[in-house]
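Residue-level structure breakdown
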Amino acid sequence: MNAAPRLLLASFMTLTASGVGFAIRSGILDDWGRAFGFTQTELGAITGSGLWGFALAIMFFSFIADRVGYGPLLGLAFVLHIVSGVLTVCAGYVFETWGKEATFWLLYGALSLFAVANGACEAVINPLAATLYPEKRTHYLNIVHAGWPAGLILGGVLSYFMVERGEQVMVRWEIQALIFLAPVLLYGLLMLGQKFPMSEAKAAGVPFTTMLKEFAAPVLLAMLVLHALVG
């Protein structure tokens, strides 16, 4: 497979991994509640970590993507996805050893890392697809972003057949929580050894200070608007 289609498929699989992880996690929340004694508020706090994590990550990584490069950022996302999965399945051990509070923060951190990894992927795959296919960027961006609903559907179907039926445990939640690593490993293999193109901004020689100014202006405006609303 040529580099461009291979990197496009890798980009597609990053969103598939995100969708599968999101759907599967929604299906095992009840398992976490029963296993660790979490309230609905605590479960909401754990899953809510993905909101701020993703938002901050996509802003930060979009800002540095041109300077750092697409390859290293996707590599970082790959590592964070793996670490997130490993930490998640350690919850049972942590609960038995250190109790409920430690388990809460472990899962909070694991899901935060998952969200940061998703944000890093999102910050890369959009400009990457546009750079790989500049003449048909809208078409290929649509293809890449089909990975998210595809992952949601796949994860939802798998979750439906794996969740508990009455008193019967179909598949342990630890196994379910690791299923999203299948598309993660696939996008890791697809990008392995590939040469990533430079961003359009870097290829055009746009100075980093110019990008800094462009990044700072909307952030400052958002902060002023938020201050005005809160005040």
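Worth saying up front: this structure is predicted, and the values here are computed from it rather than measured. (Residues numbered from 1 in each chain as written. Predicted model: local features only at pLDDT ≥ 70, side-chain atom pairs only at ≥ 80, totals over all residues. Heavy atoms only, no water.)

1. Description of a nonpolar patch on the surface
A contiguous nonpolar patch, built from Ile 153, Val 157, Tyr 160 and Phe 161 and spanning about 460 Å² of accessible area, is present on the exposed surface. You can see Phe 161 is positioned in helix α7 (residues 147-162). (Patch = residues over 30% accessible without salt bridge, like charges linked within 9 Å, V, L, I, M, F, W, Y side chains within 5 Å. Areas by Shrake-Rupley, 256 points an atom, 1.4 Å probe, with all protein chains shown as cover. Salt bridge = Lys/Arg side-chain N within 4 Å of Asp/Glu carboxyl O. Helix = DSSP H or I, 4+ residues; strand = E, 2+ residues; numbered from the N terminus.)

2. Describing the packing of helix α3 (residues 70-89) against helix α5 (residues 100-132)
Close contact between α3 and α5 brings their axes to 8 Å; oriented N to C, the two are set at 155°. Considered as vectors, α3 and α5 are oriented roughly antiparallel to each other. Once α3 is placed against α5, the crossing between them reads as left-handed. Taken together, the residues of the contact of α3 with α5 break down into 20 nonpolar, five polar and no charged. (Axes fitted to C-alpha atoms, helices over the stretch in contact; angles between N-to-C directions. Parallel < 35°, antiparallel > 145°, perpendicular 65-115°, else oblique. Left-handed = near helix turned anticlockwise from the far one by under 90°. Nonpolar A, V, L, I, M, F, W, Y, C, P; charged D, E, K, R; others polar.)

3. Remarks on helix α2 (residues 40-68)
End to end, α2 covers 40 Å across 29 residues, agreeing with the expected 42 Å (1.5 Å per residue, within 8%). Bending of α2 peaks at approximately 35° at the position of Ser 62. Of all the positions in α2, only Leu 43, Ile 46, Ser 49, Gly 50, Gly 53, Ala 57, Phe 61, Phe 63, Ile 64, Ala 65 and Asp 66 are classed as buried. Looking one or two residues past α2, Gly 69 carries a phi angle of roughly 105°, positive in sign. (Expected span 1.5 Å × (residues − 1). Bend = angle between axes of the 7 residues up to and from the residue. Buried < 20%, exposed > 50% of the residue type's maximum accessible area, 1.4 Å probe, protein only.)

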